[in-house]
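Coordinates in review
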Amino acid sequence: MIVGVPKEIKNNENRVGATPAGVKELVKNGHTVYVQHTAGEGSGFSDNEYIAAGATILPSIEDVYAKAEMIIKVKEPIAPEYPLIRERQVVFTYFHFACDLALTEAMIRAKAVCIAYETVQLPDMSLPLLIPMSEVAGRMSIQEGARFLEKPQGGRGVLLGGVPGVKPAKVLILGAGVVGRNAALMAAGLGADVTITDISLPTLRHVADVMPKNVKTLYSSTHNIESELPTTDLIVGSVLIPGAKAPHLITRDMLKLMRPGTVLVDVAIDQGGCFETSHPTTHAEPTYMVDGILHYAVANIPGAVPFTSTMALTNATLPYAVALANKGWRQACKDDPALALGVNIVDGKITYKGVAEAFGMTYTELTL
């Protein structure tokens, strides 16, 4: 198979779809790999490293899309890429269709095979291609939240861990999945007073068993969340419904319960966000104010640490990419039901129920 790795063009997105090690594995399996010139530079990988791994460097993104049977990316295609995607071309990347109608319509028109990292799902309900970036995003949510709590950044002027004689900041984490647990560990490690919520009692029991003593659990309900808001300094939204829009757990009216300079970090923004007042931001302009509350809603948080993120992502995606290249997408999905769940759009039809429901469109069951 001919595999293409284009350079990401989303704002401040420095990750790349495959490392030189990943390219070498594809080449070892007999595939041709084209990498766009400087695609890996933002992650610390030079063109020469890709050439040494067996790739051919192409000068432009148009060249890569034109030659490749399968595109391996990190972020969803954006408008300049829509015309480059061809019928029956496999695009393997994060899509997050449920919060992006324009992207969904564009991929339907393209009649491409859209396989979304975020909906590949194992029998135990885990999301193996989302986990590594969720780990990064969860940890970074606290790193960024701590920064924006500083007064010059618009926050309350609170040090997350406090100092002797001064209480630490209070952190509320909505959702005890991979993002939430990683956020809780980071916040606890910095000495914050952490509360993590979820609607699953078994999950909360597990969290209570494994987390440090400065992490408390709370059942997630509107009443319980509202009770926490007046004394909370940093809130991390990390609720995920695979392939569907995130629920709004904090409404605009609830902002009135918070103190000015409270920081909201919406890690669920790729799926529409779990705060009603959230809208996507960029690393160039990461925050905005609503009613005195600072919002951070960067849609590609792990892109700020591209070396770590790219390495972690390729570790997870490479076995699936090799299977797709070796067998073709249909046979690979027949052989692996988890990968089949990643197929969101094929031949102009939506094959993932959560995406169809998000826009009131027709759902077509995937046939292999």
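For the structure itself, look to the data block above.
Conventions we followed
- Residues numbered from 1 in each chain as written.
- Predicted model: local features only at pLDDT ≥ 70, side-chain atom pairs only at ≥ 80, totals over all residues.
- Heavy atoms only, no water.
- Pairing = 2+ DSSP bridges.
- Helix = DSSP H or I, 4+ residues; strand = E, 2+ residues; numbered from the N terminus.
- Axes fitted to C-alpha atoms, helices over the stretch in contact; angles between N-to-C directions.
- Buried < 20%, exposed > 50% of the residue type's maximum accessible area, 1.4 Å probe, protein only.
- Polar contact = N/O pair within 3.5 Å; in protein donor to acceptor, adjacent residues only side chain to side chain.
- Salt bridge = Lys/Arg side-chain N within 4 Å of Asp/Glu carboxyl O.
- Patch = residues over 30% accessible without salt bridge, like charges linked within 9 Å, V, L, I, M, F, W, Y side chains within 5 Å.
- Areas by Shrake-Rupley, 256 points an atom, 1.4 Å probe, with all protein chains shown as cover.
- Expected span 1.5 Å × (residues − 1).
- Bend = angle between axes of the 7 residues up to and from the residue.
- Contact = heavy atoms within 4.5 Å.
- Parallel < 35°, antiparallel > 145°, perpendicular 65-115°, else oblique.
- Left-handed = near helix turned anticlockwise from the far one by under 90°.
- Disulfide = S-S within 2.5 Å.

**What about the sheet that holds strand 7 (residues 170-174)?**
Spatially, 9-8-7-10-11-13-12 is the arrangement adopted by the 7 strands of the open sheet, whose pairing is mixed. In this open sheet, the two strands that pair with only one neighbour each are strand 9 (215-219) and strand 12 (287-290). Averaged over all adjacent pairs, the angle separating strand axes in this sheet is 20°, with direction ignored. The pairing of strand 12 with strand 13 (residues 293-296) spans 4 bridges and is classified as antiparallel.

**Focus: the side chain of His 96**
In this structure, His 96 sits in the loop between strand 5 (90-93) and helix 4 (101-110). Judged by its relative accessible area of 8%, His 96 falls in the buried class. Here the side chain of His 96 touches Gln 271 through a polar contact of 2.4 Å, side chain to side chain.

**Regarding the pattern of salt bridges**
Taken as a whole and judged by the stated rule, the model has 14 salt bridges. Salt-bridge contacts for Glu 8 lead to Lys 73; the nearest nitrogen and oxygen are separated by 2.9 Å. You can see Glu 8 sitting in the loop between strand 1 (2-5) and helix 1 (20-28) and its partner Lys 73 sitting in the loop between strand 4 (70-72) and strand 5, a full 65 residues away along the chain. Classification of Glu 8 as buried rests on a relative accessible area of 6%. Residue Lys 73 is classed as buried on the basis of its relative accessible area of 0%. What you see here is one network of salt bridges that share partners, running through Lys 10, Lys 75, Glu 76 and Asp 270.

**Here we look at a nonpolar patch on the surface**
Taken together, the side chains of Leu 159, Val 163 and Val 166 make up a nonpolar region of the molecular surface, amounting to roughly 280 Å² of accessible area. On the secondary structure map, Val 166 appears in the loop between helix 5 (131-148) and strand 7.

**Quick word on helix 9 (residues 306-327)**
The end-to-end C-alpha distance of helix 9 is 30 Å, a good match for the 32 Å that 22 residues give at a rise of 1.5 Å each. The principal kink in helix 9, of about 45°, is found at Thr 317, preceding the proline Pro 319 by one to four residues. Just past helix 9, the residue Gly 328 takes up positive phi, approximately 85°.

**A word on the sheet that holds strand 2 (residues 32-36)**
Pairing is mixed in the open sheet, where 8 strands are placed in the order 3-2-1-4-5-6-14-15. The open sheet has two free edges, formed respectively by strand 3 (56-58) and strand 15 (349-350), since each of these has just one partner strand. Where strand 1 and strand 4 come together, 2 bridges link them in parallel fashion. Looking at strand 4, one finds that Gly 4 is bridged to Ile 71. Each of strand 6 (113-116), strand 14 (343-346) and strand 15 touches helix 4; the most contacted strand, strand 14, lies at about 55° to it.

**Focus on the packing of helix 1 against helix 9**
Helix-helix packing is characterised by the crossing angle of the two axes and by the distance between the axes. The N-to-C vectors of helix 1 and helix 9 enclose an angle of 20°; their axes lie 10 Å apart at closest approach. The orientation of helix 1 relative to helix 9 falls into the category roughly parallel. Between helix 1 and helix 9 the crossing geometry is right-handed. Residue-level inspection shows Gly 22, Glu 25 and Leu 26 of helix 1 in contact with helix 9, the latter providing Thr 314, Leu 318, Ala 321, Val 322 and Ala 325.

**Some details on the state of the cysteines**
As enumerated under the stated definition, the model contains 0 disulfides in all. Of all cysteine sulfurs in the structure, the one in Cys 99 sits closest to Cys 274, which takes part in no disulfide; the separation is 12 Å. On the basis of relative accessibility, which here comes to 0%, the residue Cys 274 falls in the buried class. Unpaired in this structure, Cys 333 has its nearest cysteine sulfur neighbour in Cys 114, at a distance of 12 Å. Owing to a relative accessible area of 2%, Cys 333 belongs among the buried residues under this scheme.

**Let's talk about the environment of Asn 12**
When you line up the elements, Asn 12 lands in the loop between strand 1 and helix 1. When the C-alpha atoms of Asn 12 and Ile 142 are compared, they prove to be 20 Å apart, with 130 residues separating the residues in sequence. Leave out the neighbours within four places in its chain, and Asn 12 touches His 283, Ala 284, Asn 300 and Gly 303. Among the polar contacts made by the side chain of Asn 12, one reaches the side chain of Asn 11 at a distance of 2.9 Å.

Purely geometric numbers; function is a separate question.
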